[in-house]
Amino acid sequence: MRIDQDISRATSEALYAKAKTYFPGGVNSPVRAFKSVEGSPLFIKRGNGCRIWDEDNNEFIDFCCSWGPLILGHNHPAVYENVVKTLQNGASFGAPTRLENELAELILSRNHYIDKLRFVSSGTEAVMSAIRLARGCTGRSKILKFEGCYHGHVDALLVKAGSGLVTFGESSSAGVPEALANETVVIALNDHEALKKCFEQIGGEIACAIIEPIPANNGLLLQEKNFLLELKELCEKYGVLLLFDEVISGFRVAFNGAAEYYGIKPDIVTYGKIIGGGLPVGAYGASKEIMGFVSPDGPVYQAGTLSGNPVAMAAGIAQLTECAKPGFYEELKSKTDRFVGKINDHASNNGYPFEMVTIGSIFWLSFNGKKRIHSAAEIDPDMSGFKRMHKELLNRGVYLGPSGYEVGFVSQAHSEEDLNRAAEIFCEVLDRIF
Ligand code: PMP
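Residues numbered from 1 in each chain as written. Predicted model: local features only at pLDDT ≥ 70, side-chain atom pairs only at ≥ 80, totals over all residues. Heavy atoms only, no water.

Engineer: What is the right way to read the nonpolar core from this model?
Structural biologist: Generally speaking, soluble globular proteins have nonpolar side chains that are buried together. In terms of nonpolar packing, the biggest core is built from 115 residues, with Phe 63, Leu 144, Phe 339 and Phe 426 touching the most fellow members. Considering each element in turn, this core owes the most residues, nine residues, to helix α13 (residues 416-433). Counting residues domain by domain, this core receives three or more from each of domain 1 (10-75 + 327-433) and domain 2 (77-323). Look past the residues within four positions of Leu 144 in its chain and what remains in contact with it is Val 185, Ile 187, Leu 195, Cys 198, Phe 199, Ile 206, Cys 208, Ala 209, Ile 210 and Leu 231. Within the second largest apolar cluster, 23 residues are counted, among which are Val 127, Ala 134, Leu 157 and Cys 208. (Core = buried A, V, L, I, M, F, W, Y, C linked by side-chain atoms within 4.5 Å. Buried < 20%, exposed > 50% of the residue type's maximum accessible area, 1.4 Å probe, protein only. Helix = DSSP H or I, 4+ residues; strand = E, 2+ residues; numbered from the N terminus. Domains from an automatic or database assignment. Contact = heavy atoms within 4.5 Å.)

Engineer: Is there a simple way to think about the layout of surface pockets in this case?
Structural biologist: Over the atoms rolls a probe the size of a water molecule, and its path tells where empty space is left. A volume near 630 Å³ is recorded for the second largest pocket. Residue lining of the second largest pocket: 29 residues in total, with Glu 100, Leu 117, Arg 118, Phe 119 and Ser 307 positioned closest to the centre. Mapped by element, the contributors of at least two residues to the lining of the second largest pocket are α3 (98-108) and β4 (116-120). The residue makeup of the lining of the second largest pocket, split by class, is 14 nonpolar, 11 polar and four charged. (1 Å grid on protein atoms, 1.4 Å probe; cavity = no way out; pocket = protein on both sides within 12 Å on 5 of 7 lines; lining within 4 Å. Points joined across faces, edges and corners; volume = space filled by probe spheres on them. Nonpolar A, V, L, I, M, F, W, Y, C, P; charged D, E, K, R; others polar.)

Engineer: Would you explain the side chain of Asp 62 in this entry?
Structural biologist: Inspection of the secondary structure puts Asp 62 in strand β3 (residues 59-62). Buried and unpaired, Asp 62 has no salt bridge, with Arg 252 as the nearest side chain of opposite charge at 9.7 Å. Of note is the side chain of Asp 62, whose polar atom sits 2.7 Å from the side chain of His 74. Setting aside chain neighbours within four positions, we find Asp 62 in contact with Cys 50, Ile 52, His 74, Tyr 399, Phe 409 and His 414. (Lys, Arg positive; Asp, Glu negative; His and termini not counted. Salt bridge = Lys/Arg side-chain N within 4 Å of Asp/Glu carboxyl O. Polar contact = N/O pair within 3.5 Å; in protein donor to acceptor, adjacent residues only side chain to side chain.)

Engineer: Is there a simple way to explain the packing of helix α12 (residues 384-395) against α13 in this structure?
Structural biologist: Packed helices, taken two at a time, are described by the angle between their axes plus the distance between the axes. Here α12 crosses α13 at 130 degrees, and the two axes come no closer than 10 Å. The angle between α12 and α13 falls in the class oblique. For the pair α12 and α13, the sense of crossing is right-handed. Listed contacts from α13 to Gly 385, Arg 388, Met 389, Glu 392 and Leu 393 of α12 are Ile 425, Phe 426, Val 429, Leu 430, Arg 432 and Ile 433. (Axes fitted to C-alpha atoms, helices over the stretch in contact; angles between N-to-C directions. Parallel < 35°, antiparallel > 145°, perpendicular 65-115°, else oblique. Left-handed = near helix turned anticlockwise from the far one by under 90°.)

Taken by themselves, the reported measurements are silent on function.
Below, the structure is given as structure tokens:
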């Protein structure tokens, strides 16, 4: 099949024109604007299983999956039923409900890394609260983060590395005071020397080291396990709390996320995305002792009108019940591996400088040749290959998040047949590009 024409987007374009009069950039979250692929966004009308339809009735196999939350695909019957059943009793009470206990029980009974958690309404809120908790219980103010890891739009983490091996951060967004950015130290991923230097120089002042143990917001920068182990060791030595931001990896690579995948116990964990079954839920958790610092038990204040919202809890309960079934992650991984394998074999047989990097059911399109990269600085900033790929895939009915730095997700709803079809389309597009 050779497709030279772009799909029709007349309705999406009209909606986008209107949206631009309502919202900055026409969107309520920047990456949705299709800026980095130089297109205009598709407005989505509905989703079912692994498919979505836009307002012009174009149909796509979806690998964005709402940026990760939809591990069961769109409109999963168990999630749908539990949401509707719960909503019939009212949307929110601002008082506890048994559903919060149920979701907590589902998580904590399987999780050996944390004793207690607190539900919030987004990944950003989880991270922001976890950072305050780390500062509150250590009495220290500095934070260590890694270049290329994204932790939501928390002031102290909208920070990029300055020059030098161990540097205090520079804010990467207007509106973040330098004084705050200076409390964050940023070093490169997978850089053992910088890590050691950092702890030697200021280890005693750091409240927590925050890392995406599977960095998946700036390419898929898989870390060597021994880097994570070294970080854990140094944290222990210097009394620094190790904070795993598992907003993407939690319930994705294993039920208990990267902590379970690598067998490394963090001191504090943050969750988001999958935990809420497509509705807004985040959480942070830790040992009883650390969580004892959180209000109203302790002095670290944190609250939320809609925290633990019953409808969102119901979606999370339904989704995580499916995820907890035996073999769920093994099956998801093996079908992802087969899908990725087909595309990588095709690229490799034809000598294309392209590889799909994968872990669990996450994949990233790497236009960096065969070189395995582990840090942000190694990514080729030329995204022209991805831009073409994105456009050609859309024209053939495959939807990816509109940025070459973002990862894609396979859900339980992607059947072998869907994945075979998608793999054929990927290969055809690769032939066109190279
Ligand atoms: N942490 C990580 C690792 C994330 O991937 C994200 C979102 N992509 C966040 C935090 C922020 O989550 P949210 O967008 O729900 O605020």
